Amino acid sequence: MTERFQPICVWDRKCTLGEGPLWSAHDHALWFVDIKRSEVLRYDVNIGSHQVFHAPSPCGFLAPKKSGGFIVGCKTGLYDLDAKTGQFEFRLQVEPGLPTNRLNDGYVDHHGRLWFGSMDDDEVNPTGKLYRYDNRGLVAMDHDYVITNGPAVSPDGRTLYHNDTLKKIIYAFELDASGHISNKREFARLDTNGKPPVSGDSVRAKHYSEHGEGYMDGPIVDSAGQVWVGLFFGWGVNCYAPDGGLIRQVRLPVSNVTKIAFGGHDLKTVYATTAAKGLSADEIKQQPQAGGLFRFDVDIPGQPQNVFQD
């Protein structure tokens, strides 16, 4: 068994932009995506085998469906993935009037509703939105994001967390049983040391991140209500108490940590996706496992994976 909070690389996949990990208990596998390569990836934790499914366009997240398979958020819309055949079937176009946008992170809440964000693929314009999708249709719930990440929901289902990555802020909303959000407020913020770098300026962003701890990437909430968030250009994961106070930092041997998922039989095994995006050739030599899938153990379990009620 690995030591608590000691990361090891379990799949040196070298993803350009690994993201969206989720635990699938029925097949003991960790599923995630490589956005820039348009790949859905599966890691079997029992035997260490790998599978790669090629999506129709860059894919930001996947979520399990009650009927089986997954719903996948791609640049060109939502798709259904048959996990047995690897076939993608088009479901819904999300933003037909915004061809430079793509879908990024996603989450299924306790009522089986799918939440996900969109973003400007050039990481410049605030054209991103937070969406809710269920049997009532697709609804934009919040807007004016350059890069969205999340959301995630507290164990009692009453608080929804969503990240504005470039602003380095996790927002909290009140979430009611019908799926409406209200009372948007700042939950946690990374030290920005002044004005953020210009979006898309990777050199300045990396220098800036050395002083500002990187950027808030994907969030997830454990069974105690603690909010964990990956740090892009931040070399690890931060864990925040339900009141927003920072209580733990887990460091990884790579700088771009995008998101974690809780897995294993007791949901105490954490899997972390990472990225090589934005790193120079020299930096990749210094971080040869950049873009790999990592694992470490924790004391407090995560929440069970919810399924989309399709």
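Please refer to the structure higher up on the page.
Let us look at the structure shown here. For clarity, every value in this text was computed on a predicted model and none was experimentally measured.

1. Brief notes about the overall build of the protein chain
- Per the secondary structure count, the protein chain includes two helices and 24 strands.
- Against the globule reference of 19 Å for 310 residues, the protein chain gives a C-alpha radius of gyration of 18 Å, in line with a compact fold.
- The principal-axis extent of the C-alpha atoms belonging to the protein chain is close to 45 × 45 × 35 Å.
- Counting every position in the protein chain, which comprises 310 residues, the buried fraction comes to 58%.

2. Quick look at the environment of Arg189
- Here Arg189 lies in strand S17 (residues 181-189).
- Separated by 55 residues in the primary sequence, Arg189 and Gly244 have C-alpha atoms spaced 8.9 Å apart.
- In this view, Arg189 contacts Lys167, Lys168, Ile169 and Met216; residues no more than four positions away in its chain are not counted.

3. Some remarks on the nonpolar core
- Counting residues in each nonpolar core, the largest one holds 52 residues, and the members touching the most others are Val40, Val72 and Trp228.
- Ignoring sequence-local partners within four residues, the contact set of Val40 consists of Trp31, Phe32, Val33, Gln51, Val52, Phe53, Cys59, Leu62, Val72, Leu81 and Phe88.
- One finds Tyr161, Ile170, Phe187 and Val229 within the second-largest nonpolar core, a separate group that totals 13 residues.

4. Some remarks on the sheet that holds strand S5 (residues 50-54)
- As summarised here, the arrangement of the four strands in space is S2-S3-S4-S5, forming an open sheet in which the pairing is antiparallel. What marks the edges here is a single partner per strand, and that holds for strand S2 (18-24) and S5. Across this sheet, the average inter-strand angle for adjacent strands is 20°, counted without regard to direction.
- Relative to strand S4 (residues 39-44), strand S3 (residues 29-34) runs antiparallel, the two being bridged by six bridges. Directly across from Ala29, in S4, lies its bridge partner Asp44.

5. Overview of the sheet that holds strand S15 (residues 159-164)
- The four strands lie next to each other as S14-S15-S16-S17, forming an open sheet whose pairing is antiparallel. One side of each edge strand has no neighbouring strand; the edge strands of this open sheet are strand S14 (148-153) and S17. Neighbour-to-neighbour, the strand axes of the sheet open up by a mean angle of 25°, direction not taken into account.

6. Notes on the packing of aromatic side chains
- Applying the stated criterion across every chain, the model contains 13 aromatic pairs.
- Relative to Phe53, the ring of Trp31 lies with its centre 5.6 Å away and its plane at 15°, an arrangement referred to as stacked. A residue pair is termed long-range when its members are at least 10 positions apart, and Trp31 in strand S3 and Phe53 in strand S5 qualify at 22 residues.
- A centroid spacing of 6.1 Å and a plane angle of 80° characterise the contact between Trp228 and Phe262, whose relative ring orientation is edge-to-face. Of this pair, Trp228 sits in strand S19 (residues 227-232) while Phe262 sits in strand S22 (residues 257-263), and the two are 34 residues apart along the sequence.
- Here the aromatic residues Trp11, Phe32 and Tyr43 are joined through ring pairs into a cluster of three or more.
- Cation over ring: Lys184 sits above Tyr171, and NZ or CZ is 4.4 Å from the ring centre.

7. Let's talk about the pairing of S19
- The buried fraction of S19 is high, at six of six residues.
- Here S19 shows a buried face lined by Val227, Val229 and Leu231 and a second buried face lined by Trp228, Gly230 and Phe232.
- Here strand S18 (residues 215-221) runs beside S19; their pairing, made up of five bridges, is antiparallel. By the bridge assignment for S19, Ile220 is matched with Trp228.
- The loop that links S18 with its antiparallel partner S19 comprises five residues; one of these, Gly225, has a positive phi angle of about 85°.
- Alignment of S19 against strand S20 (residues 236-240), held across five bridges, turns out to be antiparallel. Counterpart to Val229 in the pairing with S20 is Asn238.
- Counting the residues in the hairpin turn of S19 and S20 gives three residues, including Phe233, whose phi is positive at 65°.

Thresholds, definitions, all that
- Residues numbered from 1 in each chain as written.
- Predicted model: local features only at pLDDT ≥ 70, side-chain atom pairs only at ≥ 80, totals over all residues.
- Heavy atoms only, no water.
- Helix = DSSP H or I, 4+ residues; strand = E, 2+ residues; numbered from the N terminus.
- Rg over C-alpha atoms; globule rule 2.2 N^0.38 Å.
- Buried < 20%, exposed > 50% of the residue type's maximum accessible area, 1.4 Å probe, protein only.
- Contact = heavy atoms within 4.5 Å.
- Core = buried A, V, L, I, M, F, W, Y, C linked by side-chain atoms within 4.5 Å.
- Pairing = 2+ DSSP bridges.
- Axes fitted to C-alpha atoms, helices over the stretch in contact; angles between N-to-C directions.
- Phe/Tyr/Trp six-rings, centres within 6.5 Å; stacked < 30°, edge-to-face > 60°.
- Lys NZ or Arg CZ within 6 Å of the ring centre and 35° of its normal.

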